[in-house]
Amino acid sequence: MAVQEKTGAEALVDIMIEEGVEYIFGLPGGSAIPLFDALVGRNIKLVLTRHEQGAVHMADGYARATGKTGVALVTSGPGATNTVTGLFTALMDSIPLVVVTGQMPAWTLGLDAFQEADVSGITYPCVKHSYLVKDVDDIPRIMREAFFLASSGRPGPVLIDMPKNVSGARISPKADTMQLPGYSVPKAAQDAEVARAATLLAAAKRPLLLVGHGAAISGAATEVRALAETLQAPVVNTLLGKGVLPETHELNLGMLGMHGTAYANKAIIDCDLIMSIGSRWDDRIVSKYDEFCVNAVKIHIDIDAAEINKVVKVDLGIVGDAKTVLRQLLPRLVKGDTADWVRQTKRWRRDFPLKFQKEGKLRAQQVIQELYRLTGGKAIVTTDVGQHQMWAAQFILSESGRDWISSGGAGTMGFGLPSAIGAQLGRPGETVVAIVGDGGFQMTLSELATLFNLKIPVKILVINNHYLGMVRQWQNLFYDNRYSGVDLEGNPDFVKLAGAYGIKGFRISRSADVRRVLKAALDHPGPALIDAEVEQHDNVFPMIPAGAAHKDMLLGPPRRVLEKPTGGT
Amino acid sequence: MPAEITGGNGAARHSISLYVANKPGVLIRIALVFSRRGYNIDSLVVSETEDPGFSRMNIVATGDRATLEQIIKQLNKLVDVIHARDYSYEDVIQKELALFKIDCAPERRAEALQVMEAFKAKTIDLSERTLAVEVTGSSEKLDALETMLRSFHIREMVRTGKVLMARGEAAT
């Protein structure tokens with residue numbers, strides 16, 4: 001008598017365990033019950049979230065902090081549609097996720113059954129790839145493919161829509177060999193391309209390395225450092241490339257772009273060669289495409305061929321994995337004669353430092369800078385999106401590409417808290433701080449309950465200015481100070497709110513208290529929230545108005561009313 | 001064969017051939033790459049191939065060359081696309097089939113047949129007042145016949161869209 005075969009759901013969990021999945025973030029519903037049932041008693045931890053967006057962001061934060069694939073599990077219909085923002089966030093930032101959505105039985109698809117939605121159709125533009133599973137015997141192969149696709153090449157989210165009759169059906173043993181004839185992963189570059197890059201780099205007098213998220217994903221920190229030091233080339237990093245070369249390194253000029261450092265942006269203007277390592281020339285850093293580095297030779301290393309010449313036309317495009325390509329390139333490099341250039345960047349750093357007003361009300365920048373000092377640059381920092389995110393990017397100097405977790409491409413408010421929870425689970429024992437705005441925090445604060453249940457010591461720093469501050473800044477600078485829809489009147493008392501969730505709350509409202517209160521919160525053994533009541537009308541500088549050239553960067557408040565920006569947001 | 005220039009800003013008609021996995025959802029993933037860039041698809045042919053696991057798609061779309069190159073790269077990125085290639089600038093076998101139903105009273109039949117003769121088109125249906133025509137050939141030839149038939153008043157026209165195949169030993 002044969003043993004009864006396992007269900008599709010059990011097979012799915014088996015493969016997750018084989019793939020090394022530690023945590024599944026999710027929220028059940030009718031269509032997902034067989035999937036949740038298969039988790040009972042298995043060696044995989046289920047984190048019950050309060051909203052499906054939170055589940056996907058947690059999986060995302062876990063993935064960013066560890067480099068492993070994050071997994072979320074939700075139900076059909078609204079459960080699945082609630083994942084869309086999380087999928088989009090992960091796709092834009094190339095984060096490996098496997099998201100499984102329960103689905104109504106296959107025979108009801110398209111018949112408007114209860115909680116039946118065209119999840120594949122809704123999510124096509126937000127995933128690297130997706131599956132609608134029709135046959136239980138396909139589950140092992142699809143699961144193998146999903147984990148491989150999510151984590152290889154340019155990573156991204158993979159969605160598996162799993163009808164209830166399929167997850168509940170008995171599986172007949174079948175091979176799980178992947179069938180992906182249309183998918184290949186570039187690794188090494190061609191020798192001729194590498195030789196050409198070496199020649200161009202050797203000829204440059206003022207070379208600049210632009211380090212993006214691709215370099216972090218590829219784990220190319222050692223190679224980037226060797227490249228910068230051998231060439232004696234200054235480095236600028238994108239928002240998501242922070243820390244690949246430690247931002248305390250003398251050659252690192254920090255973040256470039258709209259709210260980047262003045263010295264990074266001045267280097268962009270004056271360089272005669274720029275080499276992007278896994279950055280996609282996003283509009284936040286390039287700003288005005290036809291005036292970006294017009295006189296510089298441009299080299300672009302990217303694992304995604306579709307990024308080469310997408311928005312910035314380059315002199316040399318190299319398709320390959322950043323770490324592999326840099327390893328090919330390093331032996332061919334000669335030490336450049338860049339002493340004058342490096343000296344120039346150091347003068348800029350001295351003459352145009354990041355600064356903020358210290359008098360008057362409490363400044364967000366002071367709180368963030370103090371947090372950086374207290375954590376010695378060792379904390380994993382997650383953020384929401386807006387002013388606090390830019391100030392954190394400026395004043396938190398990252399030491400590792402996996403210590404800075406922020407929604408870059410999508411700009412998703414509400415990302416900070418759930419991603420911090422995921423990051424802390426992935427890296428227990430480390431300090432994790434979510435720096436959030438009062439606006440974004442309220443989009444996913446229901447995950448405070450998840451945090452409380454987990455008893456993990458995530459710290460939440462709310463930069464509370466009672467405004468949707470970045471929009472207010474734009475209305476202040478470019479829309480004649482006409483505020484519309486930015487006043488967050490009716491904010492709760494965040495300290496009491498934290499208390500209601502069983503989380504210790506702290507408040508800072510005076511600059512004299514910053515260090516003491518932050519220290520107390522960081523020393524608190526469990527989760528804690530710090531409500532920092534900051535100056536309401538502060539603006540983030542430097543600023544390159546969207547669509548303006550780097551030379552038109554504002555170092556501080558302008559004396560005149562500015563034209564409305566021509567670029568996007 | 002050079003791409004047909006149809007606009008002032010470098011917009012040209014491009015013929016793209018894709019070899020794709022024969023799975024549900026492939027068509028929509030491909031269509032989304034075009035629609036996201038605001039590109040209209042002029043014609044689209046999906047058919048079986050010699051291997052039941054795969055389908056071939058022929059797409060004709062109008063746009064500037066740089067954007068089309070980007071679109072081809074994005075198509076190649078799709079997991080279910082084995083390969084996508086722009087054949088607009090290459091000499092390949094290209095065919096299309098069209099059916100026209102025209103007004104044709106008995107006194108103009110001879111004239112109509114003369115036009116059709118010149119285009120090697122066939123009569124496939126005839127009624128007291130109408131004539132149905134089948135023609136095969138390059139898309140340009142079909143365009144030319146369409147122009148000629150306009151003088152009869154075209155009641156209906158349907159075209160299959162262009163299909164193409166590489167010449168000689170080369171694989172499409």
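From a predicted model like this one, the values you see are computed outputs, not experimental measurements. (Residues numbered from 1 in each chain as written. Chains lettered and ligands numbered in written order. Predicted model: local features only at pLDDT ≥ 70, side-chain atom pairs only at ≥ 80, totals over all residues. Heavy atoms only, no water.)

## Some thoughts on the interface of chain A and chain B
Accessible area lost upon the coming together of the parts serves often as the stated size of an interface.
Working step 1: Taken together, the contact between chain A and chain B spans 17 residues of the former and 15 residues of the latter.
Working step 2: For the pair chain A and chain B, the summed buried area comes to about 1300 Å², and 58% of that belongs to carbon and sulfur atoms.
Working step 3: Connecting chain A to chain B are one salt bridge.
Working step 4: Salt-bridge contacts for K77 of chain B lead to D304 of chain A; the nearest nitrogen and oxygen are separated by 2.6 Å.
Working step 5: On inspection of chain A and its partner chain B, the count reaches five residue pairs in polar contact (both at pLDDT 80 or more).
Working step 6: Residue composition of the side of chain A that touches chain B, grouped by class: nine nonpolar, four polar and four charged. (Contact = heavy atoms within 4.5 Å. Buried area = accessible area lost by both parts, 1.4 Å probe. Salt bridge = Lys/Arg side-chain N within 4 Å of Asp/Glu carboxyl O. Polar contact = N/O pair within 3.5 Å; in protein donor to acceptor, adjacent residues only side chain to side chain. Nonpolar A, V, L, I, M, F, W, Y, C, P; charged D, E, K, R; others polar.)

## Re helix 7 (residues 139-151) of chain A
All names here are of chain A.
Working step 1: With 13 residues, helix 7 should cover 18 Å at 1.5 Å per step; its first-to-last C-alpha distance of 18 Å lies within 8% of that length.
Working step 2: Across the 13 residues of helix 7, 11 count as buried, placing the element largely inside the fold.
Working step 3: All of the buried residues in helix 7 are I139, P140, R141, I142, M143, R144, E145, A146, F147, L149 and A150.
Working step 4: Buried-residue contacts for helix 7 involve helix 1 (8-18), strand 3 (70-74), strand 4 (97-103), strand 5 (129-132), strand 6 (157-163) and helix 8 (164-167).
Working step 5: G153 sits one or two positions beyond helix 7 and adopts a positive phi of about 60°. (Helix = DSSP H or I, 4+ residues; strand = E, 2+ residues; numbered from the N terminus. Expected span 1.5 Å × (residues − 1). Buried < 20%, exposed > 50% of the residue type's maximum accessible area, 1.4 Å probe, protein only.)

## Re the nonpolar core
All names here are of chain A.
Working step 1: In terms of nonpolar packing, the biggest core is built from 47 residues, with F25, L97, F441, L448, L451 and I460 touching the most fellow members.
Working step 2: For this core, the element with the most residues is helix 3 (residues 52-66), which contributes seven residues.
Working step 3: When residues of this core are assigned to domains, at least three map to each of domain 1 (8-167) and domain 3 (364-541).
Working step 4: Not counting chain neighbours up to four residues away, the residues in contact with F441 comprise D384, L417, V436, L448, I460, V462, F494, L497 and L529. (Core = buried A, V, L, I, M, F, W, Y, C linked by side-chain atoms within 4.5 Å. Domains from an automatic or database assignment.)

## Comments concerning the packing of helix 16 (residues 364-375) of chain A against helix 17 (residues 387-395) of chain A
All names here are of chain A.
Working step 1: Contact geometry for helix 16 and helix 17: axes closest at 9 Å, N-to-C directions at 45°. If you check the angle between helix 16 and helix 17, you find them oblique. Considering only the axes of helix 16 and helix 17, their crossing is right-handed. Contacts from A364, Q365, I368, Q369 and Y372 in helix 16 reach H388, W391, A392 and F395 in helix 17.
Working step 2: Of the residues contributing to the contact of helix 16 with helix 17, the split by class is six nonpolar, three polar and no charged. (Axes fitted to C-alpha atoms, helices over the stretch in contact; angles between N-to-C directions. Parallel < 35°, antiparallel > 145°, perpendicular 65-115°, else oblique. Left-handed = near helix turned anticlockwise from the far one by under 90°.)

## Points about the domain arrangement of chain B
Residues and elements named next belong to chain B.
Working step 1: One can read the domain layout of chain B as domain 1 (4-86) and domain 2 (93-164).
Working step 2: One C-alpha centre belongs to domain 1, the other to domain 2; they are set 28 Å apart.
Working step 3: Together domain 1 and domain 2 conceal approximately 580 Å² of surface at their shared face, both sides included; 53% is due to carbon and sulfur atoms.
Working step 4: Joining domain 1 to domain 2, the criterion identifies zero salt bridges.
Working step 5: Where domain 1 packs against domain 2, one counts two residue pairs in polar contact (both at pLDDT 80 or more).
Working step 6: Of all elements in the fold, only strand 2 (11-21), strand 3 (41-48) and strand 4 (54-64) reach the threshold of two or more residues within the side of domain 1 that touches domain 2.
Working step 7: When residues in the side of domain 1 that touches domain 2 are grouped by element, the largest group, three residues, is from strand 3.
Working step 8: Residue classes in the side of domain 1 that touches domain 2 are distributed as three nonpolar, four polar and one charged.

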